[in-house]
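The residues making up each chain are set out below.
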Amino acid sequence: MNSLNKILIKEILRLLFAASLVSYLILFILEFWQTGFVSLYFNSDIILILMIFSGIIFMII
Amino acid sequence: MEKSILVKIFKWLFIALAALLIIFLFWKNYSPTGEQTIDYNFTKNNFTAGLNPSARVQKIVCDKTGCGQAVFNDPTYLDMIMPRRFQTADVKLTLDNPNDFDVYFGVKTGPGWQYALSKVDQNGNAHLDLSVAYINKRTAEFILSIPSLKDNKYSVTVKGIKFTFKKDNFLKKILNKL
């Protein structure tokens, strides 16, 4: 992997981490505001896992 | 393709996906089309934990044709989380009722033991007026009454309860005003 591709992948991972972090916070607030607002229709753990993995991979590469 | 353009595409893709998820959740919770269907077929369901009390129903049994729960005493209840307040509900019950017992389905209308019952027809359909429903902490309580089961001798198996909740079509109202 050349350094340019590495920078590109890191940038995409950073964006993914930021997007999932903001999304998770919004979902958390919505669920806190009205119980079931999120959990009845969507498993927000998916976002959490996405956030953790993008963060870990970002740190590794 | 230039790297910065690729990064921009990904940035807007992630923003669009997050926005779509939020829109999807608001759409589901507010039902702007005025209709929401909840199909409870005795498998895991986020809206309800199933028929209760356990002393009047048997355990849920699943086979090749699907899952079901036998009711052997009267009445039984079904707590359901209501995402919104709806005006009416069309209920379709899938029953295994070999003795053709009369079946009633209803909704709790006030604190204590107050229910509005509706007779279930031969096809398993019932119509409920939810404008009088007593909803506590976003949860409505429904009642399934089969008076002939009072003496524990017989049972009726419920294989599915499909709710079609209806309220004003908010989207249509807005479109008409435009």
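To be clear, the structure that these remarks concern was listed above.
Along each chain, residues carry numbers from 1 onward, in the same order as the chain's sequence is written. Chains and ligands are labelled sequentially in the order written, the chains with letters from A and the ligands with numbers from 1. Whole-chain, interface and lining totals are the exception, using all residues; otherwise, since this is a predicted model, local features are given only for residues with pLDDT of at least 70 and side-chain atom pairs are given and counted only at 80 or more. For side-chain calculations, the full set of non-hydrogen atoms in the structure is used, while hydrogens and water are omitted.

### Re the state of the cysteines
Residues and elements named next belong to chain B. A pair of cysteine sulfur atoms is labelled a disulfide when the two atoms are within 2.5 Å. The full count for this structure, using the stated rule, is one disulfide over all chains. Covalently, Cys62 is tied to Cys67 through a disulfide, its sulfur atoms 1.9 Å apart. Every disulfide takes its handedness from the sign of the S-S torsion; for Cys62 and Cys67 that torsion is 100°, giving right-handed. You can call Cys67 buried: its relative accessible area is 11%. Residue burial is assigned from relative accessible area. The probe radius is 1.4 Å, only protein chains are included, and a residue is buried under 20% of its type maximum, exposed over 50%, and partly exposed in between.

### Notes on the side chain of Ser20 of chain A
Residue and element names in this part refer to chain A. Along the polypeptide, Ser20 turns up in helix H1 (residues 3–33). On the basis of relative accessible area, Ser20 is assigned to the buried category, the value being 4%. For this analysis, residues touch if any pair of their heavy atoms sits within 4.5 Å. Sequence-distant contacts of Ser20, defined by excluding residues within four places in its chain, comprise Ile47, Leu50, Met51 and Ser54. Numbered from the N terminus, helices here are DSSP runs of H or I no shorter than four residues, and strands are runs of E no shorter than two.

### Some words on the interface of chain A and chain B
Taken together, the 23 residues of chain A in the interface contact 22 residues of chain B. Among the residues of chain A in contact with chain B, Phe37, Leu40 and Tyr41 of chain A are the three that bury the most area, contributing 35% of the side total. By convention in these notes, a salt bridge is any Lys or Arg side-chain nitrogen within 4 Å of a carboxyl oxygen on Asp or Glu. Here chain A is connected to chain B by zero salt bridges. As used in this structure description, the phrase polar contact means that two N or O atoms lie within 3.5 Å; if the pair is within protein, one of them must be able to donate a hydrogen and the other to accept it, and residues adjacent in sequence are counted only when both atoms belong to side chains. Here chain A and chain B share seven residue pairs in polar contact (both at pLDDT 80 or more) between them. Among the elements that make up the side of chain A that touches chain B, the one with the highest residue count is H1 of chain A (13 residues). Each residue gets one of three labels, nonpolar for Ala, Val, Leu, Ile, Met, Phe, Trp, Tyr, Cys and Pro, charged for Asp, Glu, Lys and Arg, and polar for the others, Gly among them. Taken together, the residues that form the side of chain A that touches chain B break down as 16 nonpolar, six polar and one charged. What counts as buried area is the accessible surface, traced by a 1.4 Å probe, that two parts surrender upon association, with contributions from both included.

Interpretation in functional terms is not warranted from these geometric data alone.
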